[in-house]
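Read off the chains here:
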Amino acid sequence: MIRAIKGTKDILPEEVGAWQRVESAARALFARYGCREIRTPIFEETQLFARGIGAETDIVSKEMYTFADRDESSLTLRPEATAGIVRAVIEHNLMNEDPALRVYALGPMFRRERPQKGRYRQFHQVDVEIFGVAAPSVDVEVIQIALGFLEAAGLPDYELVLNSVGDAACRPAYVETLRAALRANLATLGPDSQRRAETNPLRVLDSKAPEEQALIESLPKISEHLCDACREHFAEVRRQLDLFAIPYRVDHRLVRGLDYYTRTTFEVTSGALGAQNSVLGGGRYDGLVKDLGGPDLTGIGFALGLERLVMILGAPKAERRCDVFLALLAPAGRDKALLLQRELRAAGLAVLTDHEGRGLKSQMKRADKLQSRFVALLGDDELAKNVWTVRDMAGSSQETIEDARIAAYLKEKANG
Ligand code: ATP
Ligand code: MG
């Protein structure tokens with residue numbers, strides 16, 4: 001038997017309702033913040049991610065699905081949405097066309113990670129990006145979108161974690177300070193962190209290795225090395241979060257996995273999730289558009305993992321599949337039933353019928369499983385008298401309705 005690829009997951013019809021609810025909550029909320037949807041391809045030139053995300057990140061160094069196309073160009077299944085969106089913004093000059101360039105995207109991402117609960121190789125993200133506003137108020141606005149979405153989706157408990165990672169003016173000096181501190185303590189570090197001390201010291205702050213924790217706590221903190229502009233920006237973000245009474249915790253170790261972040265970074269975690277406790281992550285990326293060959297355009301956004309969110313929310317109860325089930329017990333009545341089915345569907349009702357000539361009991365059982373509100377029954381008796389027997393499944397009352405009135409009757413009942 002051929003099975004789904006390891007780390008991928010079928011979203012079955014009985015689960016899809018939960019996904020659609022979360023997706024429509026996202027669309028409705030994002031529209032209130034002036035965001036419009038953008039849909040970019042799921043594969044791009046490998047270069048885009050290598051340059052946009054950073055070669056030393058986990059994603060680029062070991063998680064990408066990269067393959068040679070038939071003409072030998074290197075392509076990659078997108079591991080995240082921002083780089084592709086930024087490419088599209090530049091390619092189509094969206095910043096010139098759009099007076100408020102804010103977009104969202106929904107769709108699958110691909111990372112070759114070790115599959116485990118809440119961690120897949122194909123997973124889905126909701127992504128929001130706002131371009132061209134440098135003011136700290138937009139950082140807070142993006143955080144409000146993220147939290148508003150979690151509220152709308154019904155996530156019971158979560159924590160907002162916040163940091164500033166500085167910018168091109170102050171971060172390089174901090175990175176050097178950090179590198180020096182790490183070099184002085186190489187013996188305490190495992191091989192990964194030893195390598196990162198040279199290639200990308202900020203990533204050491206992410207390390208979860210128990211033997212490195214004491215050292216990491218004692219390292220110089222970025223908050224003590226921010227330039228004036230970054231410090232003011234961060235202070236204003238915090239002041240406005242207080243203004244809106246949004247609780248948060250500052251964590252100087254929150255540098256996030258991607259290289260492109262500047263200034264504000266944030267993450268939302270939920271205790272309901274267990275080991276993979278991160279629901280969403282985001283931040284400002286003021287240099288990214290320029291790095292990818294575009295104009296000097298600021299950006300900020302977040303990405304949220306839908307599997308983890310849907311997992312916390314749990315399975316909704318079974319849904320009603322039809323308003324009316326046409327129980328056909330007289331084969332000679334088939335055409336009549338099919339015509340009625342078409343008419344009711346055209347009027348907006350969900351209708352199913354039996355195509356296999358099953359007995360009454362089996363058809364009633366099926367109507368019950370489908371949670372049909374009404375069953376319209378056509379047996380030999382009904383056929384002879386030109387009527388239908390209509391059963392209200394909730395009240396289990398029964399009425400006889402003439403052929404001429406049956407469509408109007410069911411439409412009115414089902415809409416009533
Ligand atoms: P983690 O620390 O769990 O690896 P990350 O920092 O790699 O997360 P981001 O790149 O910021 O995650 O992606 C944003 C969100 O996407 C995460 O908070 C998570 O909800 C979700 N996500 C990331 N990787 C996966 C995955 N492999 N499977 C399912 N969801 C994922
Ligand atoms: Mg990851």
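Parameters and conventions
- Residue numbers here run from 1 along each chain, matching the order of that chain's written sequence.
- Throughout, the order in which chains and ligands are written sets their labels, letters from A for the former and numbers from 1 for the latter.
- Predicted model: local features are reported for residues with pLDDT of at least 70 only, side-chain atom pairs are reported and counted for 80 or more only, and whole-chain, interface and lining totals are derived from all residues.
- For the side-chain quantities, the full set of heavy atoms in the structure was used; hydrogens and water were omitted.
- When a carboxyl oxygen of Asp or Glu is within 4 Å of a side-chain nitrogen of Lys or Arg, the pair counts as a salt bridge.
- Note on conventions: DSSP H or I runs of at least 4 residues are helices, E runs of at least 2 residues are strands, and numbering of each starts at the N terminus.
- We call two strands paired when DSSP finds no fewer than two bridges between them.
- What makes two residues a contact is simply this: any of their non-hydrogen atoms within 4.5 Å.
- Helix axes use the C-alpha atoms of the stretch in contact, all axes being lines fitted to C-alpha atoms, and the angles between their N-to-C directions lie in the range 0 to 180 degrees.
- Two helices crossing with the near one rotated counterclockwise from the far one by less than a right angle form a left-handed crossing, whereas a clockwise rotation gives a right-handed crossing.
- Per-residue accessibility, obtained with a 1.4 Å probe over protein chains only, is compared with the maximum for each type, and a residue is labelled buried under 20%, exposed over 50%, and partly exposed between these values.
- Any Phe, Tyr or Trp ring, taking Trp's six-membered ring, that has another such ring centre within 6.5 Å forms a pair; planes under 30 degrees apart are called stacked, those over 60 apart edge-to-face, and the others tilted.
- Two conditions define a charge sitting above a ring: the NZ of Lys or the CZ of Arg must be within 6 Å of the ring centre, and it must be within 35 degrees of the ring normal.

> Hey, could you run me through the pattern of salt bridges in this one?
Pairs can form between side chains of opposite charge whenever their charged atoms are close. For the structure on display, the rule yields 26 salt bridges. Salt-bridge contacts for Glu91 lead to Arg87; the nearest nitrogen and oxygen are separated by 2.8 Å. Of the two residues, Glu91 and Arg87 are both situated in helix H4 (residues 82-91); the distance of four residues between them amounts to about one turn of the helix. The salt bridge involving Arg183 is made with Glu198; its shortest N-O contact spans 2.8 Å. Taken together, the positions of Arg183 in helix H7 (residues 171-183) and Glu198 in helix H8 (residues 191-199) put the pair 15 residues apart, joining distant regions of the chain. In the salt-bridge network here, residues are joined through shared partners; they are Asp58, Lys62, Arg196, Arg203 and Asp206.

> Whenever I open this one, the sheet that holds strand E1 (residues 36-37) confuses me. Can you help?
Working definition: the strands of a sheet are paired by backbone hydrogen bonds and lie parallel or antiparallel to each other. Spatial strand order, E1-E5-E6-E11-E10-E9-E7-E8: eight strands in an open sheet with mixed pairing. Both edges of this open sheet fall to E1 and strand E8 (249-250), since each of them pairs with a single strand only. Note: strand E10 (residues 278-284) against strand E11 (residues 299-305), five bridges, orientation antiparallel. Across the sheet, residue Leu280 finds its bridge partner in E11, namely Leu304. Seen against the sheet, H4 touches strand E5 (102-110) and strand E6 (122-131) and runs at an angle of roughly 45° to E6. Set on the sheet, helix H6 (residues 136-153) makes contact with E5, E6, strand E7 (159-164), strand E9 (262-269), E10 and E11; between it and E11 the angle comes to about 15°.

> Looking at this structure, I do not really get the packing of H7 against H8. What am I missing?
Two packed helices can be described by the angle between their axes and the distance between those axes. It is at 9 Å that the axes of H7 and H8 come closest, and there the two elements cross at 145°. Note that H7 runs across H8; the crossing there is left-handed. Where H7 approaches H8, its residues Arg179, Leu182 and Arg183 are matched on the opposing element by Ala197, Glu198 and Thr199.

> In this structure, what is going on with the environment of Val165? I would like to understand it.
Inspection of the secondary structure assignment puts Val165 in the loop between E7 and H7. Separated by 97 residues in sequence, Val165 and Thr262 place their C-alpha atoms 5.7 Å apart. Aside from chain neighbours lying at most four places away, what touches Val165 is Arg171, Ile222, Leu226, Leu254, Val255, Tyr261, Thr262, Arg263 and Thr265.

> For this particular structure, what's the right way to read the pairing of E7?
One face of the sheet, then the other: side chains in a regular strand alternate in exactly this way. Most of E7 is tucked away, with five of its six residues classed as buried. Summarising the sheet, E7 and E8 pair through two bridges and their orientation is parallel. Within the sheet, the bridge partner assigned to Leu162 lies in E8 and is Val250.

> Got a minute to help me understand the packing of aromatic side chains in this structure?
Aromatic rings considered in pairs are described by the distance between their centres and by the relative angle of their planes. Under the criterion given, the structure shown has three aromatic pairs. Look at Phe131 and Tyr285: their rings are 6.1 Å apart centre to centre, the planes differ by 70°, and that puts the pair in the edge-to-face class. One end of the pair, Phe131, is in strand E6; the other, Tyr285, is in the loop between E10 and helix H11 (288-291), with 154 residues separating them in the sequence. Note on Phe131: relative accessible area 4%, which makes it buried. Here the aromatic cluster, defined as three or more aromatic residues joined through ring pairs, consists of Phe30, Tyr104 and Phe149. Looking at Lys9, its charged tip hangs above the ring of Tyr120, at a distance of 5.9 Å from the centre.

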